[in-house]
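# Report on the structure
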Amino acid sequence: MKKKKYFLYSMLFAMYLAILVYFLFFAEGFRENISGAYRYNIVPFREITRYIQYRRTIGYGRTFLNLGGNIIAFMPLGFFLPSLCRRRLDFWSVSLMALEVSVLVEVIQLFTRVGCCDVDDVILNTIGGMLGYGCYIIGKGRRKL
């Protein structure tokens with residue numbers, strides 16, 4: 001039974017990664033860059049603050065898509081990493097891995113000029129990885145009951 005579960009999680013993780021790569025690098029509909037000029041942000045919390053401050057003007061849906069979407073997008077990473085790793089991963093290991101993957105994505109976006117390189121995305125993505133790990137721990141605890 002454990003092998004079937006591992007295989008299922010591996011397949012779901014591979015599908016998740018494929019979908020994540022598609023949305024990060026190929027889905028034009030999710031790009032915010034209306035002007036056509038490449039933008040980047042290296043000031044922490046600048047874009048998060050802007051989205052919250054101007055949520056009525058920008059729109060609640062767009063605000064949630066940016067802020068919530070970045071968090072939700074990395075939650076599966078935080079869930080699947082400890083599920084699939086042979087050695088036990090703790091909260092900080094998963095958080096560091098989510099941070100590293102997010103930084104890698106943003107650096108790729110910076111050099112390829114696809115999307116917008118934004119330090120706030122790194123912050124939100126890392127939070128998503130942390131929350132995903134929390135879901136893993138909750139799910140693990142429920143199985144023991």
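### Thoughts on the pattern of salt bridges
- Overall, the coordinates contain one salt bridge when judged by the stated rule.
- A salt bridge links Arg 50 to Glu 47, with the nearest nitrogen and oxygen atoms 2.7 Å apart. Here Glu 47 and Arg 50 lie together in helix H2 (residues 46–53), a separation of three residues that amounts to about one turn.

### A few points about helix H5 (residues 91–112)
- If you check H5, its first and last C-alpha atoms are 32 Å apart, about what 22 residues at 1.5 Å a residue would give, namely 32 Å.
- Within H5 the residues assigned to the buried category are Val 94, Ser 95, Ala 98, Ser 102, Val 105, Glu 106 and Gln 109. Axial view of H5: buried residues confined to an arc of 105°, hence all on one face. For H5, exposure combined with an orientation more than 90 degrees from the buried face picks out Trp 92, Leu 104 and Phe 111.
- Following H5 by one or two positions, Arg 113 has its phi on the positive side, about 60°.

### A short note on the packing of aromatic side chains
- This structure, assessed with the given rule, holds ten aromatic pairs.
- With 5.7 Å between their ring centres and 55° between their planes, Phe 13 and Phe 80 make a pair best called tilted. Of this pair, Phe 13 sits in helix H1 (residues 2–25) while Phe 80 sits in helix H4 (residues 60–84), and the two are 67 residues apart along the sequence.
- Ring centres 6.0 Å apart and planes at 65° place the aromatic pair Phe 91 and Tyr 133 in the edge-to-face group. Linking Phe 91 in helix H5 with Tyr 133 in helix H6 (residues 119–144), this pair joins segments that are 42 residues apart in sequence.

Parameters and conventions
In every chain, residue numbers begin from 1 and rise along the written sequence. Side-chain atom pairs in this predicted model are given and counted only at pLDDT of 80 or more, local residue features only at pLDDT of at least 70, and totals for whole chains, interfaces and linings cover all residues. Heavy atoms from the whole structure form the basis of all side-chain values; hydrogens and water molecules are not counted. Salt bridges are defined as contacts in which a side-chain nitrogen from Lys or Arg sits within 4 Å of a carboxyl oxygen from Asp or Glu. Secondary structure elements follow DSSP: runs of H or I no shorter than four residues count as helices, runs of E no shorter than two count as strands, and numbering proceeds from the N terminus. Here a helix's expected span is defined as the number of its residues, less one, multiplied by 1.5 Å. The buried label applies to any residue whose accessible area, calculated with a 1.4 Å probe on protein chains only, is under 20% of its type's maximum; exposed applies above 50%, and partly exposed to all values in between. To be clear, the arc concerns the directions from the helix axis to the C-beta atoms. Classification of ring pairs rests on two measures: the distance between centres of Phe, Tyr or Trp rings, Trp counted by its six-membered ring, which must be within 6.5 Å, and the angle between planes, read as stacked under 30 degrees, edge-to-face over 60 and tilted in between.

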